[in-house]
Amino acid sequence: MTDSDHHHGSCLCGGVQFETTGPLRDVWACHCGQCRKTSGHHWAATSVPLDRFSITAGETLSWYDSSPAARRGFCSRCGASLFWEPRDEDRVAIAAGALDRPTGLRLTRDIFIEDAGDYCSCGAPPPAAPAERPTRLDCSCLCGAVAFSLPGPAGDIITCHCSQCRKLSGHYSASFDADETTLSWHRREGLAEYRTPGGGQRGFCDRCGSSLWFRSAAGEFSIEAGSVTGPTGGRLAEHIFVADKGDYYEVTDSLPLAGGRDSAPR
Ligand SMILES: [Zn+2]
Ligand SMILES: [Zn+2]
Ligand SMILES: [Zn+2]
């Protein structure tokens, strides 16, 4: 049970669990390049002073030094993007998607919107057509230990608000279908796969925690839009599993919504 003064959260596999006490900051959605790579779309987080935060299970918690000023915490077993911790401040930013509902929180700001993906309109209706249509998409994790390319452009990009995608991305996911046989692999030293309860596999980097792709139990393959470096040439087309969405945000861009019955769990 969560009330306004006590929150619990976890990664998807449960290897990392944490608790907070006292009020949490409003949720901010960050579109910076680092948050896009690690989350696979964009990352949304609250923030709490370190003395009101405790890790209650940390068996699979890993940290990646993403800059001289901050590190990012993720689960090395399922790949969930969980924490951002600045070195010179006694606080930690926590993925809103990792918190148990009800969170009692509201998303109030989008930050670094100048760095947002070309497919992302930050809540407004998306543009009629992408500005660029790249013929090749270069994808990588944040640390560079996983890199691949494939023919572009990305085409339709689907956001998924299911609880798995929320736990793993830290907010919700955005991905596009791809033919896996067209991928050219450049580096895969950091590549790890997590088998989901539905029998799918999630590809992520076990050094930096970046979400990269999903392969369903039936073999359908999709790539996280945030893994693309530069323009995707894609366009947001639909939201799925909106009945499962987080309670701290609304879907406001007027795209088609699907509750989930017609879509395979990711
Ligand atoms: Zn996990
Ligand atoms: Zn990496
Ligand atoms: Zn999903």
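None of the values given here were measured: they were computed from a predicted structure.

**Section: the confidence of the model for the protein chain**
Right, so step 1: Per-residue confidence for the protein chain averages 94 on the pLDDT scale, and 96% of its residues sit at or above 70.
Right, so step 2: Of the regions scoring below 50 in pLDDT, residues 261-266 engages in 13 contacts with residues more than four places distant in sequence or in other chains.

**Some points on the nonpolar core**
Right, so step 1: Core analysis: the largest hydrophobic core is formed by 66 residues, its most contacted members being C11, A45, C75, A80 and L82.
Right, so step 2: In terms of residue count, the dominant contributor to this core is strand β9 (residues 91-95) (4 residues).

**Structural notes on the domain arrangement of the protein chain**
Right, so step 1: On domain assignment, one finds that the protein chain holds domain 1 (6-110) and domain 2 (120-258).
Right, so step 2: The C-alpha-based centres of domain 1 and domain 2 are spaced at 20 Å.
Right, so step 3: Taken residue by residue, the interface counts 40 residues in domain 1 and 33 residues in domain 2.
Right, so step 4: Elements that contribute at least two residues to the side of domain 1 that touches domain 2 include exactly β3 (27-30), α1 (33-39), β4 (43-49), β6 (61-67), β7 (70-75), β8 (81-86) and β10 (107-111).
Right, so step 5: A total of 5 residues in the side of domain 1 that touches domain 2 trace back to one element, the largest contributor, which is α1.
Right, so step 6: Residues that form the side of domain 1 that touches domain 2 fall into these classes: 19 nonpolar, 14 polar and 7 charged.

**Quick look at unusual backbone geometry**
Right, so step 1: Backbone torsion omega between R101 and P102 reads -5°, so that peptide bond is classified as cis.
Right, so step 2: For P102, the position within the fold is in the loop between β9 and β10.
Right, so step 3: The linkage connecting G152 with the following residue, P153, adopts the cis geometry, with an omega of -5°.
Right, so step 4: Look at F241: it is not a glycine, yet its phi comes out positive at around 55°.
Right, so step 5: Looking at the element boundaries, F241 is found in the loop between β21 (235-240) and β22 (257-258).
Right, so step 6: Judged by C-beta crowding, with 24 C-beta atoms within 10 Å, F241 ranks as buried.

**A word on the sheet that holds strand β2 (residues 16-21)**
Right, so step 1: A sheet is described by the order of its strands in space; here 3 strands give the open sequence β1-β2-β5, paired in antiparallel fashion. Single-partner strands in this sheet number two, and they are β1 (6-10) and β5 (53-58). Strand-to-strand twist in this sheet, taken as the mean axis angle between neighbours without regard to direction, amounts to 15°.
Right, so step 2: Pairing of β2 with β5 involves 5 bridges; the strand directions are antiparallel. Residue pairing for β5: Q17 is matched across the bridge by A57.

**A few points about the sheet that holds strand β11 (residues 136-140)**
Right, so step 1: Across the sheet, 4 strands lie side by side as β15-β12-β11-β20; this open sheet has antiparallel pairing. If you trace the sheet from one side to the other, it starts and ends with β15 (184-188) and β20 (228-229), each paired once.
Right, so step 2: Taken together, the 5 bridges between β11 and strand β12 (residues 146-151) define a ladder with antiparallel strand orientation. Considered in β12, the bridge of C139 is made with F148.

Conventions we followed
- Residues numbered from 1 in each chain as written.
- Chains lettered and ligands numbered in written order.
- Predicted model: local features only at pLDDT ≥ 70, side-chain atom pairs only at ≥ 80, totals over all residues.
- pLDDT = per-residue confidence, 0-100.
- Contact = placed C-beta atoms within 7 Å.
- Core = buried A, V, L, I, M, F, W, Y, C linked by C-beta atoms within 7 Å.
- Buried ≥ 20, exposed ≤ 12 C-beta atoms within 10 Å, placed from the backbone.
- Helix = DSSP H or I, 4+ residues; strand = E, 2+ residues; numbered from the N terminus.
- Domains from an automatic or database assignment.
- Nonpolar A, V, L, I, M, F, W, Y, C, P; charged D, E, K, R; others polar.
- Pairing = 2+ DSSP bridges.
- Axes fitted to C-alpha atoms, helices over the stretch in contact; angles between N-to-C directions.

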